[in-house]
Amino acid sequence: DSNKTGSTSSGSKVVKIGFITKFPVDFYDTMVDAAKAWDKSEPGAEVVFAQGSSGTDDEGEIAAIQSMVSQGVKAIAITPTSPNVKDALQQAVDKGIKVVLVDNDIPDWSGKSAVVATDNLAGGKLAGQWLAQNMTAGGKIAILQGVLGNPSLQARVDGMVEALGDAATVVAKSPTDCDQTKGLNAAQDILTAHPDITAVYGACGPPITGALQAIKSAGKEGKLLVVGFDASPDELTAIKGGTESASVAQFPDKMGTLGAKTAFDAAMGKTVDAKIDTGTEMVTKDNVDQFK
Amino acid sequence: MSAAAVPGLAVRGASKTFGAVVALDRVDLEVQHGEVLALLGDNGAGKSTLIKCISGVHRLDAGSIEVDGQEVAMTSPAVARAAGIETVYQDLALFDNLDPTGNFYAGRELAGPSWMPRGLRWMRRADMARSAAEIVDRLQVSLPARSATVGMMSGGQRQAIAVARSSAFASKVVILDEPTAALGVRESRQVLDLIMRLRDHGCAVIVISHAMDHVIEIADRAVVMRRGRAVGEEIPRPENRARIVSLIVGGDD
Amino acid sequence: MSAAAVPGLAVRGASKTFGAVVALDRVDLEVQHGEVLALLGDNGAGKSTLIKCISGVHRLDAGSIEVDGQEVAMTSPAVARAAGIETVYQDLALFDNLDPTGNFYAGRELAGPSWMPRGLRWMRRADMARSAAEIVDRLQVSLPARSATVGMMSGGQRQAIAVARSSAFASKVVILDEPTAALGVRESRQVLDLIMRLRDHGCAVIVISHAMDHVIEIADRAVVMRRGRAVGEEIPRPENRARIVSLIVGGDD
Amino acid sequence: MRLGPVLILAVLVLVLSASSPYFATTQNLGNVLAQSAVIAILAVGQLLVILTRGIDLSVGSTLALAAVVGALVFESRGGGVLTICVMLLAGAAVGAVNGLVYVFGRLPHPFIITLATLSIARGLALSLSHGQPISGMPHVVDTVGGGSIGWLPYSSFLVAFVAIVVTLFLTRVVWGRWIYAVGGNPEGARRLGIPRSWVLVSVYVCSGLLAGIAAVVTAGRLNAGSPTFGQLAELDSIAAVVIGGASFLGGRGHVGHALVGALMIGVIRNGMNLLNIEASRQLIVIGVVIVLAVESDVVRGRLEERFRALKAAGA
Amino acid sequence: MRLGPVLILAVLVLVLSASSPYFATTQNLGNVLAQSAVIAILAVGQLLVILTRGIDLSVGSTLALAAVVGALVFESRGGGVLTICVMLLAGAAVGAVNGLVYVFGRLPHPFIITLATLSIARGLALSLSHGQPISGMPHVVDTVGGGSIGWLPYSSFLVAFVAIVVTLFLTRVVWGRWIYAVGGNPEGARRLGIPRSWVLVSVYVCSGLLAGIAAVVTAGRLNAGSPTFGQLAELDSIAAVVIGGASFLGGRGHVGHALVGALMIGVIRNGMNLLNIEASRQLIVIGVVIVLAVESDVVRGRLEERFRALKAAGA
Ligand SMILES: Nc1ncnc2c1ncn2[C@@H]1O[C@H](COP(=O)(O)OP(=O)(O)OP(=O)(O)O)[C@@H](O)[C@H]1O
Ligand SMILES: Nc1ncnc2c1ncn2[C@@H]1O[C@H](COP(=O)(O)OP(=O)(O)OP(=O)(O)O)[C@@H](O)[C@H]1O
Ligand SMILES: [Mg+2]
Ligand SMILES: [Mg+2]
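This structure is a prediction, so every number in the text was calculated from the model and none was measured.

Peer 1: Let's hear about the interface of chain B and chain C: which residues, and what values?
Peer 2: Tallying the contact residues gives 26 residues for chain B and 26 residues for chain C. Taken together, the two surfaces of chain B and chain C that pack against each other cover about 2000 Å², and 48% of this comes from carbon and sulfur. The largest share of the area that chain B buries against chain C comes from N43(B), V185(B) and R186(B), three residues that together contribute 30% of it. Counting the contacts that link chain B with chain C gives 2 salt bridges. A salt bridge links D42(B) to R186(C), with the shortest nitrogen-to-oxygen separation between them at 2.2 Å. Counting every contact that joins chain B to chain C gives 10 residue pairs in polar contact (both at pLDDT 80 or more). Every element with two or more residues in the side of chain B that touches chain C is listed here: helix 5 (155-168), helix 6 (185-200), helix 7 (212-218) and helix 8 (241-249) of chain B.

The following block contains the structure:
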């Protein structure tokens, strides 16, 4: 898949675009695959990719940005790990490189050409509304948080809690680092301390997959509302099987395509929309077949 | 030993156990300034334990230690050193990663300026190298390159460095735990001479040794330990040799 | 030494350098079965280096080693052991975390069944404890509790365990590097007796020692090393003592 | 073995029983055992390595790689026994690389090669799985990892089995004695003809094999093989061994140390979830409890010694 | 110091210059220096600790805590010098806790307390910042962290300054000698009246202080203080020291080792970004290159020795 990057260094008409994602997991891989597909369809562009090593690897992203600049890209599409990378991005902008933020915004930074993203807070609210509608009165909910210190994961929790209002009480909140095993452990413990909970919400996919396992071994499969965020392949299977109730889907492929395209357009000097919402949608058993 | 003089070092009622092992059992000991005391005994008799207690390495379970008539609470080796006690340990306590000079001056580096706290002073490395070389030369041990670390040196070379280190800084009391065990004929001779020089300078010297010839040659008095107790005292003279050996070996086994 | 007999151990043209230090310089050496050879020399003369090369710890830069007339490539201590060479090292090579029995049998545990590969056999712990106790008793060293680890033991106790370990398994060649340095009068006596028993059993024995009395008592022949060279050979008798000492110390310094 | 850490664990259990009504229920104790099983198994392997003065940073990544490889094999071939064998082999293979490169590459410290395989095995797991968790594990793996007899999880029997085998191996078998010898005096072991190199290789292979077993348990618990399994498990497993009371200096430690340490970590984490302590506070509490646990053992030991000395002086 | 690691670094640079046209540009070299600066500073602190046979796992969390505290102070009070002082103090304070608890709590190994503060400091940073990065740093911090003279980043001057000061301290000042002595023979140091306890405390304080300095650089580079700074920095910094060639056995190592190791890590990461190696492959390549680097130094050393022996035998 790196053939084109290797062979086109001589083609001078081709515009080089950098595409930087956080780290190698499914979500970003989908994004990268979509961007690669777009790259194939657009002969005037050559996309080079880079990744950090974790969801909070600011240093890794900055290193990636700097090496993109060294390689002479004309535009960068990036899923920023945090606002911390904005200085490095500003330096790129100062050199005339266009920057498109994908997946996460850096709110108070004016150097960006566009933001192509899901609104995580809105996604959280979507989940909160869905839960508020579907929960029985006086319900209790447990929250499996994501990675501590990650603003967009925090927004998913905040949005949900806000929209849930007082439709239910939050009885437990556990950190999971978006790790499957930790999600399982936390869910086991929560089910022990709060056998009467009626719903579980997770800020990312893996801990919810883990929690489903705990729910299954507690014999409560299908008796709890389980709502995740990401609609990862495993979640989709679970939703189809009826063990998970719903998940907030994002559209990483859309982000990939639109991110690369917007960056290319910006580099070519076209005007681009400042905010491109790739949207979120509630995936339930009813519409799960549309997501694959 | 004259009863009137204040002993340079006195140990009274020293006891020490390690778990189930009674290493010292109410031991009394006195050494005068200008006297060489030999501490004799079988392997495991408690000699090294006694001198480690005197040097502050171990703490006594009971008993007291006096230097020049003043009781000193030997809570750490630094206290003992400050009280004027210098020790050559049986395990040498060398720094394998440092060169002879570094070993020599460890803990009392030549450094300045003197108004700075000790640890923050600038080392006078050339001075240290020079005088270390002098003192080692005096013991007539052949060392490999000056800058080699002592970790690679031969058993005798290491022991010579340890002996030279303590004797050079001797003030009131010098303790040597088997100082010639690994030394050759000539090097042993030098160490024995050194011990006598220390005595002549008024140090109180305690020597542990299994070499009866050496003991007879240099010691003014010999205390024999057996199973943690001080079981007897003799003047080491050739004619007493058999008596001393039988004291060491013990009548009961 | 009869020229006709095949020597139990022969070293020919052994050379070894450590960086800039020439530790061995074309050393030749022969020991017959039933002979005790004393290896003498100043500190740093290269004695320990020579026996470490014979025992496979270091590799010779040049030269060869023969056991019973067969040249053996001493690539590791395991090879030397397999060739029937047992060694007591100057640094003892004890396992501080094991008890005396564990140290005693390290590398040749009593274990079965015999058709299993050595490493996978089940240890006969009671057997080992029993015979270890016997052999240690024979050296008449008093040890603290049987199950104590040797790390905490006195210098002499440790040396006694190391000597007992090697001598118990002696087959063709036994090498002892300063085996009595830390031992008391009685324990030294036992070790000297032990060496003579080994000789009587037909072992070729090499002893390194700085104690001239011991050498004169037990050695059949003495080779003197100086600065990495074998500089002379003498029969150790009281009347040769001065000659030997001057060989050791050397005329040139 | 020293009883200190066991006492501290007991105190911890008492405190938690008093502060949460759910803690001392059989269901929860089952949870604790299941949650600690993986760390315990990894810690036993780590103990073997630490006994020889080494360190194995790669256990977590090895676990992930073994789980992913197992899941791929199950996906394409099926078969419970085959899947398990493949996972164990994958673990042992990484261990063998660690051991062989460390010993025969004459590296100065195993930190380097195990840090490298920490990175390499994780990279391989991510490549092979394309960064995705692979769902589905054979029934036997699911049972081992997630099943239980009453409230006692199968995995705790597995831990007990591993602990007994390794204990017998360490205390009764010749090779086990050699492990202690190499840890106590590596050069001495060589001089006495102990095959030091192979002893060293073997402990890394064992550690890798045990990471493979831990992979079976993890994969069974989650019914999947994921490249993100076992992150930071190296720190957990080393911490378990050290908190349990084994020594970093080599040659001093028992399987019991690893188990007690692993249980202690499991109990602390479980207790905090039960007490619903806020996420960032949890980090603080864990740190404080770990130090207190080890420190109170130190204090206990010193008091005992002081007491004995006083008694001896008085007698 | 041994030249091996430097040679390996040189080879690495040559290989990368040949394979990427961007590598040997001044702009990129500036980037490499800036990217390595934080690891280098942390590695110098880690070196001091490793010289005394210790380990400091808390450096990354300490960095995060110092940066967050600094950002909070700047937010509420302003003032460049004040902010920097607060960051350095916060770092040194964590180091002091490490050192004091380790030494006076008589813990068997610093692994335990520094693992605890790894957790505690991260928890505090998250609590204080409510899990959010805090934007805004005084101009002087921004300059130190992100500014440059031509293509040479300010932070590389800071690294050079730190390296020179610590080198002089270690080789010329009495306390530095004591650090080597304590590392070479801790019990021997005590017997010779060296204040072993305070020497040990001091290296942890220095390591913490240097983590504070690293916090200034990081915060300046990113113009913010974030509780997620410095994750896994403990492994990076230890790796740098060990790859550079210092010994885990204590008392053997130089500042040069830490710098070369940090640069090597920085160069490898930069090179992989330039060559556009895929993320999961990067993990594999990093691991392989680290082992090759250390291994080739080992082989070089052995060849040299063999050669000398042959020459000696021939002579
Ligand atoms: N591993 C080593 N590396 C470097 N130099 C060494 C090493 N081993 C020994 N030497 C040096 O080689 C020389 C001979 O040392 P060796 O230990 O053989 O002496 P020795 O005759 O046994 O002396 P002693 O009577 O003091 O034990 C010494 O100068 C020593 O410093
Ligand atoms: N730190 C310790 N822990 C436990 N036991 C010890 C310790 N130090 C010494 N012992 C024991 O105390 C007894 C006395 O030992 P010590 O070292 O004082 O003997 P010694 O007279 O010096 O013998 P040697 O002549 O062999 O050096 C021995 O039985 C020894 O095993
Ligand atoms: Mg002694
Ligand atoms: Mg020798």
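Peer 1: Help me get a handle on the coordination of the magnesium ion (ligand 3), residues and values and all.
Peer 2: Geometry sets the ideal angles at a metal, namely 109.5 degrees for four tetrahedral donors and 90 or 180 degrees for six octahedral donors. Residue and element names in this part refer to chain B. Bound to the magnesium ion (ligand 3) are the protein donor atoms S48 (OG) and Q90 (OE1), situated 1.9 to 2.1 Å from the metal. Placement of the pair is S48 in helix 1 (residues 47-54) and Q90 in the loop between strand 6 (85-88) and helix 3 (100-104), with a sequence separation of 42 residues. A relative accessible area of 18% places S48 in the buried class. We classify Q90 as partly exposed; its relative accessible area is 26%.

Peer 1: Which residues make up the environment of H214(C), and what values go with them?
Peer 2: All names here are of chain C. Tracing the sequence through the fold places H214 in helix 7 (residues 212-218). By relative accessible area, H214 is classed as buried at 19%. Once residues within four sequence positions are removed from consideration, H214 is found in contact with T180, S188, L192 and A219. Among the polar contacts listed, one links the side chain of H214 to the side chain of T180, at a separation of 3.5 Å.

Peer 1: So what's going on with helix 7 (residues 154-172) of chain E? Residues and values would help.
Peer 2: All names here are of chain E. Between its first and last C-alpha, helix 7 extends 27 Å over 19 residues, near the 27 Å set by a 1.5 Å rise per residue. Within helix 7, the full set of buried residues consists of S155, S156, V159, V162, A163, V166 and L170. For helix 7, the buried positions fall inside an angular range of 120° around the axis, keeping them on one side. Those residues of helix 7 that are exposed and angled more than 90 degrees off the buried face are F161 and I164. Of the surrounding elements, those touching the buried residues of helix 7 are helix 2 (26-51), helix 6 (139-146), strand 3 (152-153), helix 8 (174-184), helix 10 (196-222) and helix 12 (255-274).

Peer 1: I'd like a rundown of the state of the cysteines, residues and numbers included.
Peer 2: Residues and elements named next belong to chain A. Scanning the entire structure with this criterion turns up 1 disulfide over all chains. C178 shares a disulfide with C204; S-S distance 1.9 Å. Judged by the sign of its S-S torsion, about -95°, the bond between C178 and C204 is left-handed. You can see C178 sitting in the loop between strand 7 (168-175) and helix 7 (180-193) and its partner C204 sitting in the loop between strand 8 (199-202) and helix 8 (205-217), a full 26 residues away along the chain. Considered together, C178 and C204 belong to a single accessibility category, that of buried residues.

Peer 1: Any details on the packing of aromatic side chains? Residues and values, ideally.
Peer 2: Think of a pair of aromatic rings as described by two things: how far the centres are apart, and how the planes are tilted against each other in angle. With the rule as written, the count across this model stands at 19 aromatic pairs over all chains. Arranged with centres 5.6 Å apart and planes meeting at 65°, the rings of W38(A) and F264(A) form a pair that is edge-to-face. Highlighted residues: W38(A) in helix 2 (residues 26-41) and F264(A) in helix 10 (residues 252-267), separated in sequence by 226 residues. For the ring pair F104(D) and W198(D), a centre distance of 5.2 Å and an interplane angle of 55° mean the geometry is tilted. Here F104(D) is found in helix 4 (residues 80-104), whereas its partner W198(D) is found in helix 10 (residues 196-222), with 94 residues between them in sequence. Looking at F104(D), the relative accessible area reads 45%, which means it is partly exposed. For W198(D), a relative accessible area of 48% translates into the label partly exposed. Taken together, F23(A), F27(A) and Y28(A) form an aromatic cluster joined through their ring pairs. Between R108(C) and the ring centre of F169(C), over which it is positioned, the NZ or CZ distance is 3.6 Å.

Peer 1: Describe the relation of the copies chain D and chain E, and please don't skip the residues or the numbers.
Peer 2: The two copies are related by a screw operation: chain D maps onto chain E through 180° of rotation and 0.0 Å of translation along the axis, at an RMSD of 0.1 Å. The transformation just described matches what one would write down for a two-fold rotation axis. Within chain D, L232(D) has its C-alpha nearest the rotation axis, a separation of 4.7 Å. The overlap is high: 100% of the interface residues of chain D also sit at the interface in chain E, so the same surface is used on both sides.

Peer 1: How would you explain the pairing of strand 1 (residues 9-18) of chain C if you had to name every residue and give the values?
Peer 2: Residue and element names in this part refer to chain C. Among the 10 residues in strand 1, 7 count as buried, and that is most of the element. In the sheet, strand 1 pairs with strand 4 (residues 62-67) via 5 bridges, with the strands oriented antiparallel. In the strand pairing of strand 4, S15 is matched with A62. One ladder, built from 7 bridges, connects strand 1 with strand 2 (residues 21-31); its direction is antiparallel. Looking across to strand 2, one finds that A10 is bridged to E30. Connecting the antiparallel pair strand 1 and strand 2 is a turn made up of 2 residues, with G19 showing a positive phi of about 55°.

Rules and cut-offs
- Residues numbered from 1 in each chain as written.
- Chains lettered and ligands numbered in written order.
- Predicted model: local features only at pLDDT ≥ 70, side-chain atom pairs only at ≥ 80, totals over all residues.
- Heavy atoms only, no water.
- Contact = heavy atoms within 4.5 Å.
- Buried area = accessible area lost by both parts, 1.4 Å probe.
- Salt bridge = Lys/Arg side-chain N within 4 Å of Asp/Glu carboxyl O.
- Polar contact = N/O pair within 3.5 Å; in protein donor to acceptor, adjacent residues only side chain to side chain.
- Helix = DSSP H or I, 4+ residues; strand = E, 2+ residues; numbered from the N terminus.
- Donors = N, O, S within 2.8 Å, 3.2 Å for Na, K, Ca; no water.
- Buried < 20%, exposed > 50% of the residue type's maximum accessible area, 1.4 Å probe, protein only.
- Expected span 1.5 Å × (residues − 1).
- Arc of directions from axis to C-beta.
- Disulfide = S-S within 2.5 Å.
- Phe/Tyr/Trp six-rings, centres within 6.5 Å; stacked < 30°, edge-to-face > 60°.
- Lys NZ or Arg CZ within 6 Å of the ring centre and 35° of its normal.
- Least-squares fit on C-alpha atoms with pLDDT ≥ 70 in both.
- Pairing = 2+ DSSP bridges.

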